[in-house]
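# Architecture at a glance
Now for the letters of each chain:
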Amino acid sequence: MRQVNESRVVKVTNTRYREHYHIQTPAGWLNDPNGLCFFKGYYHVFYQFHPYSAEWGPMHWGHVRSKDLVHWENLPVALVPGDPEDSGGCFSGSAIVRGNRLYLIYTGHHYYDDDNQDHFWENQNVAYSDDGIHFTKYTGNPVIEAPKDNSQDFRDPKVWEHDGQYYLVLGSREQANNRARILLYQSDDLLNWQYRGPITESRSIELEGSMWECPDLFRLNGQDIIACSPMGIQPQRHRFLNLSQAAYFIGQLDYNQAHFSHYDLHLLDYGHNFYAPQSFLTPDGRRIQFGWFSSFDNPMPEQADGWAGALTLPRELVMHGDRLGAIPAQETTQLRTGEVLNTSAIIHSPHRFTVTDPQHTEWDLTFDLTGYDGQVSWQLANTDQVLISLSYDQGSGEITVHQHGQASDRYATIGHVGQLRARIFVDTSSVEIFINDGAATFTERYYTDDQPVTTTLAASRPTATAIKAYTLDMKG
C-alpha cells in the first residue's frame with residue numbers, strides 16, 4: 001500500500017479561520033465526504049484530500065473516526081493514489097461492511113499523456129480493511145470499467161445491500177446526448193459486478209444537468225431517494241443559483257427492471273456552500289448525512305494558511321411533508337459547553353445580543369408569528385459589514401439568506417407559518433441554518449479578521465421570541 005510522503009505534507013501556518021467543531025484536515029485540501037459507515041464501534045468518515053498543498057490535487061482519502069459523531073480522531077490516510085488502477089487520484093466512493101471486513105469502493109482517476117487535466121478516464125476499484133485503519137487495495141482492480149456508450153465522466157460509486165445482494169449506483173454522462181444518468185450494478189460478493197444499465201437520466205441539461213456527481217441512493221419512509229450533485233443546470237428564478245447544486249429525486253427503484261421512477265428534482269440545501277453530500281444508516285436506524293462546505297464561486301482565504309475546506313455537521317434526514325429535509329443530528333447537543341442565553345423578548349427594532357463567544361455559538365430561536373404579516377431577521381456582523389443574514393417574510397412565505405461577498409442571495413419558500421424556529425450553528429468560518437425541523441437548510445461560509453462579531457435580531461412589528469444560545473466546541 002502506498003504511503004503519504006511526510007516530507008512533502010503542507011502545514012497550517014495560521015489558525016484564524018480554523019473551525020472548532022467541524023471535520024477539517026490537519027492541513028491541505030478537503031472536498032467530498034466519502035465512505036461514511038459504522039464499523040467495530042466507530043463512526044468512520046473519509047474525505048477527498050490533497051495533503052501536499054491547500055489546492056485541489058491528486059486525490060487521497062483522508063480519514064477520521066468517532067464514538068459519538070461529533071468528537072473526531074484523525075487517522076492515517078486510507079487511500080493513496082499512484083497505482084495502475086488510480087494513477088491520477090482516488091476519487092469519491094462509499095463504504096460497506098461485510099462480515100468483519102470494511103470495504104471501500106472508489107473511483108480511480110486517470111489522465112491521458114497530453115497534459116490536459118480535462119482529458120481523463122475513470123474506473124471503479126475496491127480496497128478493504130479488517131481493523132478500519134489500514135487498507136489494502138484489491139489485486140483484481142479495477143472491478144468496474146465504463147460501458148462503451150459512456151463519456152469520460154464515470155464516478156462516485158455508492159454501495160448498499162438489498163435482499164442478500166449488493167448494489168451500487170454511479171454518476172455517468174452519456175456520450176451521445178451529453179446528459180446526466182445514473183447507472184446500476186449488482187454483485188453477490190462486492191468484487192464481481194454485473195451491469196444492469198441506466199436507471200434514469202436527465203430530461204434536459206438546462207433543467208436537470210449534464211452530470212449527476214456523487215449519487216446516493218437510499219430508502220426513507222417507504223420511498224427511494226436519489227440525492228446527487230447536478231452540474232450544468234440553469235438558474236430558475238430563485239432556484240438552482242449555485243454553480244453546481246445539491247439536489248434529490250423521490251421515487252421508487254424497481255430492482256427487477258432496473259428502473260427508477262421519480263418526481264421532479266428539488267434542492268437538498270438552499271445555501272451558497274453545500275455540495276457532494278453522502279449518507280449512511282446509524283446502528284439505531286437514522287439516516288445521517290454529511291456534506292462539503294463547497295466554495296465554487298468565491299476565493300477560500302484559508303488557503304493562504306495551508307488548508308482548505310470542511311465538512312458539515314452530521315444531519316439526520318427526515319421527510320417534511322412530501323419533501324426531503326434535514327435536522328441537526330441529536331449528537332450535536334454534546335458540543336454544548338455552556339448555556340449563555342435563555343430568555344424571551346419582544347423583538348422589534350434591531351436588538352443586539354451579547355454572548356461569550358459569538359463565532360462558536362448555537363442559536364435556537366422561535367418567533368411567534370401568529371397573526372403576523374411582517375418580517376423577522378437574524379444577522380451575524382463585524383464592524384464593517386453583515387457577514388451572514390437570515391430573514392423571513394410572512395407575506396411571501398420566503399426565507400432569504402445573504403452572504404457577504406456573494407453576487408446574489410439564496411432563497412427557500414416555506415409558506416405561511418405561525419411559528420418560525422431557526423437553529424443556527426456558527427463556527428469560526430461557517431454557518432449552518434436549520435428551519436422548522438426540516439423545512440429548509442442553508443449552508444454558508446464567511447470570513448472575518450480581528451474584529452468584534454455581533455449577533456442581532458429584528459422584526460418589522462413587535463414579535464414574541466424565545467431565544468436560547470449555547471457555546472460549542474468539539475473539545476467540550
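Attention in this report is confined to the structure presented alongside it. (Residues numbered from 1 in each chain as written. Predicted model: local features only at pLDDT ≥ 70, side-chain atom pairs only at ≥ 80, totals over all residues. Heavy atoms only, no water.)

## Focus: the nonpolar core
Judged by nonpolar contacts, the single largest core of 58 residues is most densely connected at Ile199, Trp363, Trp378 and Ile424. Sequence-distant contacts of Trp363, that is, excluding residues within four places in its chain, are made with Leu341, Phe353, Val355, Trp378, Ala422, Arg423, Ile424, Val426, Thr455, Ile467, Lys468 and Ala469. (Core = buried A, V, L, I, M, F, W, Y, C linked by side-chain atoms within 4.5 Å. Buried < 20%, exposed > 50% of the residue type's maximum accessible area, 1.4 Å probe, protein only. Contact = heavy atoms within 4.5 Å.)

## Quick notes on the sheet that holds strand β32 (residues 430–435)
Read across the open sheet, the 6 strands follow the order β24-β35-β26-β31-β32-β33; overall the sheet is antiparallel. Edge positions in the open sheet fall to β24 (336–347) and β33 (440–445), since each of these has one partner strand only. Looking at each pair of strands side by side, their axes are set apart by 15° on average, direction ignored. In this structure, strand β31 (residues 419–427) lies alongside β32, joined through 6 bridges in antiparallel fashion. Residue Phe425 lies in a different strand from β32, and its bridge partner there is Glu432. (Pairing = 2+ DSSP bridges. Helix = DSSP H or I, 4+ residues; strand = E, 2+ residues; numbered from the N terminus. Axes fitted to C-alpha atoms, helices over the stretch in contact; angles between N-to-C directions.)

## Here we look at the sheet that holds strand β27 (residues 375–381)
If you trace the 6 strands from one edge of the open sheet to the other, you get β25-β34-β27-β28-β29-β30, paired in antiparallel fashion. Only two strands of the sheet have a single partner each, and these edge strands are β25 (351–353) and β30 (410–413). For this sheet, the mean angle separating the axes of adjacent strands, direction not counted, is 15°. Strand direction decides the pairing type here: β27 and strand β28 (residues 386–393), joined by 7 bridges, are antiparallel. Residue Leu380 lies in a different strand from β28, and its bridge partner there is Ile388.

## So, the side chain of Ser430
Assignment of secondary structure puts Ser430 in strand β32. By relative accessible area, Ser430 is classed as buried at 0%. Within polar-contact distance, the side chain of Ser430 engages the side chain of Glu19 at 2.6 Å. Ignoring sequence-local partners within four residues, the contact set of Ser430 consists of Glu19, His22, Phe293, Phe425, Glu444, Arg445 and Tyr446. (Polar contact = N/O pair within 3.5 Å; in protein donor to acceptor, adjacent residues only side chain to side chain.)

## A look at unusual backbone geometry
Between Asn141 and Pro142 the backbone carries a cis peptide bond, its omega angle lying at -5°. Among the structural elements, Pro142 can be located in the loop between β8 (136–137) and β9 (144–145). Backbone geometry places Arg237, a non-glycine residue, at a positive phi of 55°. Of note, Arg237 is situated in the loop between β15 (223–231) and β16 (247–254). Its identity is not glycine, yet Asn436 carries a phi of approximately 45°, on the positive side. Here Asn436 lies in the loop between β32 and β33.

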